[in-house]
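Residue-level listing of the chains:
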Amino acid sequence: MFNAIGRIFRTPDLRRKIGFTLGIIALFRLGSFIPAPFVDFGNVQQCLAANQGASGLYELVNLFSGGALLQLSVFALGIMPYITASIIVQLLRVVIPHFETLYKEGQSGQARLTQYTRYLTIALGVLQSTTLITVARSGALFPANSDPACSQLITNDAWYAILLMVVTMTAGTGLIMWMGELVTERGVGNGMSLLIFTSIAATFPTSLWGIGVARGWDVFALVLAIGLLVVVAVVFVEQSQRRVPVQYAKRMVGRRTYGGNNTYIPIKVNMAGVVPVIFASSLLYLPALIAQFNQPAAGEEPQAWVVWITNYLTQGDHPLYMLLYFLLIVGFTYFYVAITFNPDDVAENMKKYGGFIPGIRAGRPTAEYLDYVLTRITLPGSIYLGLIALLPLVAFSWFGANQNFPFGGASILIIVGVGLETVKQIDAQLQQRHYEGLLR
């Protein structure tokens, strides 16, 4: 292992790519601590110290921004607008035929879809930055804290100050998107994924230290042990796949023979990745967000539905919240897998090139068989996603951790997935130059 790591830094091209990636990551983390214009940095730090963790409404965005959201920095929105835009563009392929046509056109069509994603990212950046500034001005960014400083986070309420803050945060989102694309082109791995990885990994020390201080170091050691077991289990499941064998018949094109080889279709247990967790979290935030903007005036009684939502759908430690969260993840997993993997297209492509599954006729029977396999393998995958997503909520109930508990939910799925993919890319580049990779 140490020899392989040494070969990485002895290879000039690979060393340059890793150095460039680390430099972009350092700039990304630096921008997370630079406050936006007209933000009272002292009051923000005071509220963060008193609140110790994100509120339930903003925990996912704050997690993906590496804590920059609640600091109202220039990178407050983080990579979340780009993630949302990418998911929306992907889902629109089902609704808008033009998007599906562009997807099938190859590289030129993918470039157009990427351009649409960029435009939508900027639009979402404007919308989310406006919402964040409005919430910060109303003092609802830290609703659990009664400190007067938490309602005085912005020093200037003039229209030009608000406009400058919106432009700054939106520009920060655009800059993050550009930095991610630079890492993809000139660095190692997928740039956007690495920036998300960095944001989440930056919250690990704070979360673990908070558990140790609040519950004692014996609980801290127990959490670390459980975390290692969770990481091993996640790595095992993320690498698991059902390999459907495929044979290609021999065919003559001129004087040359093509086909005749055996391969397989890899169907992963977790084909949906972390997207169902994001979907379910976002959907469960909507009732709490609506209830927050319908709080009664001073001296008035809150409405019954607002009280019900506040009691059952705001805190993650309630059994009803956990049950709904789990069921939404299972449902969204089937929904997203059905969109991203089309058995009919796979069967048609196999038939076009003379491929078939042994024992299954080409065409419609092949599509039905792939759909049958996909449905069966998605069930354990969806249950696995639901259980992993519930880990932070269980830790929130048992250990007194905040809801950004590192060993569970979206955080551990992204950390493991991006880590495995980056190591594979480094291994592939080492094999190209030394005929011996990082992994054996």
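For the structure itself, consult the block above.
Because the structure is a prediction, the values reported are computed rather than measured. (Residues numbered from 1 in each chain as written. Predicted model: local features only at pLDDT ≥ 70, side-chain atom pairs only at ≥ 80, totals over all residues. Heavy atoms only, no water.)

Attention now goes to helix α5 (residues 80-95). For α5, with 16 residues, the first-to-last C-alpha span of 23 Å sits near the 22 Å given by 1.5 Å per residue. When α5 is considered as a whole, its buried residues turn out to be M80, P81, Y82, I83, A85, I87, V89 and R93. (Helix = DSSP H or I, 4+ residues; strand = E, 2+ residues; numbered from the N terminus. Expected span 1.5 Å × (residues − 1). Buried < 20%, exposed > 50% of the residue type's maximum accessible area, 1.4 Å probe, protein only.)

With 65 residues, the main nonpolar core has V234, V277, Y325 and L413 as its most contacted residues. Of all the elements, helix α16 (residues 364-398) adds the most residues to this core, at 10 residues. Residues lining this core come from more than one domain, with at least three contributed by each of domain 1 (16-187) and domain 2 (214-439). With 21 residues, the next largest nonpolar core counts A36, L72, A136 and I154 among its residues. (Core = buried A, V, L, I, M, F, W, Y, C linked by side-chain atoms within 4.5 Å. Domains from an automatic or database assignment.)

This part is about a nonpolar patch on the surface. Taken together, W159, Y160, L163 and V167 make up a surface patch of nonpolar side chains, about 490 Å² in accessible area. Inspection of the secondary structure puts V167 in helix α8 (residues 159-186). (Patch = residues over 30% accessible without salt bridge, like charges linked within 9 Å, V, L, I, M, F, W, Y side chains within 5 Å. Areas by Shrake-Rupley, 256 points an atom, 1.4 Å probe, with all protein chains shown as cover. Salt bridge = Lys/Arg side-chain N within 4 Å of Asp/Glu carboxyl O.)

Attention now goes to unusual backbone geometry. The phi dihedral of F38 falls on the positive side, at around 65°, and the residue is not glycine. With respect to the helices and strands, F38 occurs in the loop between α2 (12-31) and α3 (41-51). A residue is classified by how much of its surface remains accessible, and F38, at 28% relative accessible area, is partly exposed.

All right, on to the sheet that holds strand β4 (residues 262-268) then. The strand order β4-β1-β5 describes an open sheet built from three strands, whose pairing is antiparallel. On the outer flanks of this sheet lie β4 and β5 (355-356), each paired with one strand and no other. As defined by bridge partners, strand β1 (residues 241-248) adjoins β5 across two bridges and the pair is classed as antiparallel. For Y248, the partnering residue across the bridge sits in β5 and is G355. (Pairing = 2+ DSSP bridges.)

Let us now look at the pairing of β1. As a general feature of sheets, a regular strand has side chains that alternate between the two faces. As defined by bridge partners, β1 adjoins β4 across seven bridges and the pair is classed as antiparallel. Bridge pairing links V246 to T263 in β4.

This part covers the packing of α5 against helix α14 (residues 319-340). For any two helices packed against each other, one specifies the crossing angle of their axes together with the interaxial distance. It is at 10 Å that the axes of α5 and α14 come closest, and there the two elements cross at 70°. Between α5 and α14, the crossing angle belongs to the class labelled roughly perpendicular. For the pair α5 and α14, the sense of crossing is left-handed. Counted together, Q90, L91, R93 and V94 of α5 and F335, Y336, I339 and T340 of α14 form the full contact between these two elements. Broken down by class, the residue content of the contact of α5 with α14 amounts to five nonpolar, two polar and one charged. (Axes fitted to C-alpha atoms, helices over the stretch in contact; angles between N-to-C directions. Parallel < 35°, antiparallel > 145°, perpendicular 65-115°, else oblique. Left-handed = near helix turned anticlockwise from the far one by under 90°. Contact = heavy atoms within 4.5 Å. Nonpolar A, V, L, I, M, F, W, Y, C, P; charged D, E, K, R; others polar.)

Per the counting criterion, the structure on display carries six salt bridges. Salt-bridge contacts for D157 lead to R137; the nearest nitrogen and oxygen are separated by 3.6 Å. Of this pair, D157 sits in the loop between α7 (107-138) and α8 while R137 sits in helix α7; the two residues are 20 residues apart in sequence, bridging distant segments of the chain. Overall, R137 belongs to the partly exposed group, its relative accessible area being 41%. For R364, the salt bridge is made with E368, and the minimal N-O distance between the two is 3.7 Å. Residue R364 and its partner E368 are both found in helix α16; the two are separated by four residues, about one turn of the helix. For R364, a relative accessible area of 52% gives the class exposed. With relative accessibility at 49%, the residue E368 sits in the partly exposed group. One connected set of salt bridges, linked through shared partners, spans D344, R364 and E368.

By the secondary structure assignment, E100 is in helix α6 (residues 97-104). Of note is the side chain of E100, whose polar atom sits 3.3 Å from the side chain of R93. (Polar contact = N/O pair within 3.5 Å; in protein donor to acceptor, adjacent residues only side chain to side chain.)

With that settled, the discussion passes to the environment of L393. Structurally, L393 is set in helix α16. By relative accessible area, L393 is classed as buried at 6%.

As a further point, take the packing of aromatic side chains. Tallied over the entire structure, the rule returns six aromatic pairs. When the ring of W159 is compared with that of Y160, the centres are 6.1 Å apart and the planes differ by 85°; the resulting orientation is edge-to-face. Using a relative accessible area of 46% as the deciding quantity, one classes Y160 as partly exposed. Centroid distance F279 to Y336: 6.3 Å. Interplanar angle 85°. Geometry classified as edge-to-face. Remark: Y336 occurs in helix α14 and F279 occurs in helix α12 (residues 275-292); sequence separation between them is 57 residues. Pair check on accessibility: F279 and Y336 agree, each one buried. Taken together, the ring pairs connect F279, F332 and Y336 into an aromatic cluster. Positioned over the ring face of Y103 is R93, at 3.7 Å from the centre of the ring. (Phe/Tyr/Trp six-rings, centres within 6.5 Å; stacked < 30°, edge-to-face > 60°. Lys NZ or Arg CZ within 6 Å of the ring centre and 35° of its normal.)

Bringing the environment of L289 into the picture now. By the element assignment, L289 lies in helix α12. Given the relative accessible area of 31%, L289 is considered partly exposed. Distance in space between the C-alpha atoms of L289 and I309 is 9.8 Å, their sequence separation being 20 residues.

Let us now look at the side chain of T121. Structurally, T121 is set in helix α7. Excluding anything up to four places from it in sequence, T121 contacts P81, Y82, A85, T173 and M177.

Everything listed here is a matter of coordinates, which is why it stays silent on function.
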